[in-house]
Amino acid sequence: MLIGFFSALMSSAKVKRTYSGTRTAKSSLPAPSSPPSGLSSPPAPSNVRPKRPLLERFATNSDSAPPTKRTLTAKQREKQVQLNKKTLVQLHFALETSVLRTCATCGLSYTKGAPDDEALHRSHCARVQRGMEWGREEEKEKLKAGVQEVASAVRIKDGRKGRIICVKADVSGKIGSKLKSLLETINLSLSSPALLPATLQASKVYLFLVPSKTSSPSTSTREKIVGCIIAQRISTAMAVVTPPESSTSSDKSTPSTSNERPPPDLINVDPTLGIFCSPAPLPTPLGIPRLFVPTSHRRQGVATALLSAAARTFIHGCPLDPTKGEVAFTQPTSGGQAVMQSWGQGGVRVYEE
């Protein structure tokens, strides 16, 4: 009986001690009379800032953090030093040595070491020595271009035979391109300016052709251009005269200087060659502004054959005689002067181009 009373008492105590009862009891307790001790922890703040996302914090930290300096190894430092070094070149002025060269074969002056000048010299020197070719393509256009054969089976001193053709100087097409390249070579060799279009319209080109050594007899369509002259229609020229003995009493091997003055009634055309002309203009129908023969075919009679063909056929039905002053040259070179004197026998005149 006593045991039953205690069990009932314990069950009633368990029922009364609930959570709600405990909260009510705590809330109903009176406030403490003394102030809280300073040793107690302060209350938590009411407005706590939320934490930022992890990605945002990582990005901010990576941007604001100073970059770390990379440590170079000894080999890397040595390589960087070698890259920073500049190669210095010592320049020397060789005043006693000129870079301007004059070819003994073609006579062209060029700058040694300049790629453009050296390439021009090589191509020009090859044309001067061997000449240019007259091939099958030019033969196909000869009727269209009006090419005329004025002499055939012309023998030169080496025993070979060739032919002489004539065409207008202002012809177009492939023959015109060939003549343009040929005239450029001639102007470089003679150090002469290009002929004006008006001069070309009143001129004819005479070419001396010989069979090429590389072509077989069955296909002898390739020929070499071993000589060329330009024949021009002119009106007047000056007669070449011999200066007085007083002006030529000095040694002829010594070139004349600019201090030597010609007689007042004569014109000194070329002081180095000693050509004097009378200033009186004389009627002259034919002028030769250009004359060219490659070095491999000079002194073979090519120039004489070309000049004779031009004097005979330039004016149709009216052959010209150089010994009578009917043919004139422009200011000749030393080689041109020798041809002028031997072919014209002193009768060839000089005119201004």
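Residues numbered from 1 in each chain as written. Predicted model: local features only at pLDDT ≥ 70, side-chain atom pairs only at ≥ 80, totals over all residues. Heavy atoms only, no water.

- If you check an unreviewed UniProt entry, the protein appears there as N-acetyltransferase ECO1 from Heliocybe sulcata.
- The UniProt entry for the protein carries the following comment under Sequence similarities (unreviewed entry): "Belongs to the acetyltransferase family. ECO subfamily." (UniProt positions renumbered as here; feature names shortened; annotations may be inferred.)

**Focus: the overall build of the protein**
- The helix and strand tally for the protein stands at 11 helices and 15 strands.
- Counting across all 353 residues of the protein, residues that qualify as buried make up 31%.
- When contacts within the protein are restricted to residue pairs at least 6 apart in sequence, long-range pairs at least 24 apart make up 67% of them. (Helix = DSSP H or I, 4+ residues; strand = E, 2+ residues; numbered from the N terminus. Buried < 20%, exposed > 50% of the residue type's maximum accessible area, 1.4 Å probe, protein only. Contact = heavy atoms within 4.5 Å.)

**Overview of the layout of surface pockets**
- Within this model, the largest pocket holds a volume of roughly 1000 Å³.
- Around the largest pocket sit 35 residues that line it, and L190, L291, T333, G335 and G336 are the ones nearest its centre.
- Among the secondary structure elements, those contributing two or more residues to the lining of the largest pocket are helix 8 (173-190), strand 13 (286-292), helix 10 (302-313) and helix 11 (334-344).
- A per-element tally of the lining of the largest pocket places helix 11 first, with 6 residues. (1 Å grid on protein atoms, 1.4 Å probe; cavity = no way out; pocket = protein on both sides within 12 Å on 5 of 7 lines; lining within 4 Å. Points joined across faces, edges and corners; volume = space filled by probe spheres on them.)

**Re the pattern of salt bridges**
- If you walk through the whole model with that rule in mind, you get 9 salt bridges.
- One salt bridge connects K178 with E138, and the closest N-O pair in it is separated by 3.7 Å. Pair noted here: K178 is in helix 8 and E138 is in helix 6 (residues 136-140), with a separation of 40 residues, a long-range link.
- A salt bridge links E139 to K142; the shortest N-O distance between them is 3.1 Å.
- Owing to a relative accessible area of 22%, E139 belongs among the partly exposed residues under this scheme.
- Taken together, the shared-partner salt bridges in this structure form one network comprising E139, K142, E149, R163 and E223. (Salt bridge = Lys/Arg side-chain N within 4 Å of Asp/Glu carboxyl O.)

**Comments concerning the side chain of E138**
- For E138, a relative accessible area of 7% corresponds to the buried category.
- Once you skip the residues sitting within four places of it in the chain, E138 turns out to touch I175 and K178.

**Points about the packing of aromatic side chains**
- As enumerated under the stated definition, the model contains 0 aromatic pairs in all.
- It is K204 that lies over the ring of F314; its NZ or CZ is 5.5 Å from the centre. (Phe/Tyr/Trp six-rings, centres within 6.5 Å; stacked < 30°, edge-to-face > 60°. Lys NZ or Arg CZ within 6 Å of the ring centre and 35° of its normal.)

**Some remarks on the pairing of strand 13**
- The element strand 13 is extensively covered by neighbouring structure, given that 7 of its 7 residues are classed as buried.
- Sheet topology note: the strand 7 (residues 223-233)/strand 13 ladder contains 5 bridges and is antiparallel. Pairing of C228 across the sheet is with F292, part of strand 13.
- Both strand 13 and strand 14 (residues 327-329) contribute to a ladder of 3 bridges, which runs parallel. When the bridges of strand 14 are listed, L286 appears paired with V327. (Pairing = 2+ DSSP bridges.)

**Brief notes about the pairing of strand 7**
- Counting buried residues in strand 7 gives 10 out of 11 residues, a clear majority hidden from the surface.
- As paired strands, strand 3 (residues 132-134) and strand 7 are joined by 3 bridges and run antiparallel to one another. The residue of strand 7 that forms the bridge with E133 is K224.
- In the sheet, strand 6 (residues 203-211) pairs with strand 7 via 9 bridges, with the strands oriented antiparallel. By the bridge assignment, V205 is partnered in strand 7 with I230.

**Comments concerning the sheet that holds strand 11 (residues 275-277)**
- Read across the sheet, 3 strands follow the order 9-11-10 without closing on themselves; strand pairing throughout is antiparallel. Both edges of this open sheet fall to strand 9 (240-241) and strand 10 (267-270), since each of them pairs with a single strand only.
- As defined by bridge partners, strand 9 adjoins strand 11 across 2 bridges and the pair is classed as antiparallel. Its bridge partner lying in strand 11, V241 is registered against F276.

**Observations concerning the nonpolar core**
- With 36 residues, the main nonpolar core has I164, Y206, F208, I229, I288 and F329 as its most contacted residues.
- Considering each element in turn, this core owes the most residues, 8 residues, to helix 10.
- Not counting chain neighbours up to four residues away, the residues in contact with I164 comprise Q148, E149, V150, A151, V154, Y206, L207, F208, A305, L306 and A309.
- With 23 residues, the next largest nonpolar core counts V128, W134, I165 and A169 among its residues. (Core = buried A, V, L, I, M, F, W, Y, C linked by side-chain atoms within 4.5 Å.)

**Let's talk about the environment of G176**
- Structurally, G176 is set in helix 8.
- Along the sequence, G176 and E138 sit 38 residues apart, while their C-alpha atoms lie 9.6 Å from each other.

**Here's the deal with helix 11**
- G336, Q337, V339, M340, W343 and G344 are the residues of helix 11 that are buried. Taken end-on, helix 11 shows its buried residues confined to a sector of 165°, consistent with a single buried face. What points out from helix 11, more than 90 degrees from its buried face, is the exposed set S334 and S342.
- As for helix 11, its buried residues are in contact with strand 11, strand 13, helix 10, strand 14 and strand 15 (349-350).
- One or two positions beyond helix 11, positive phi appears at Q345, with a value near 55°. (Arc of directions from axis to C-beta.)

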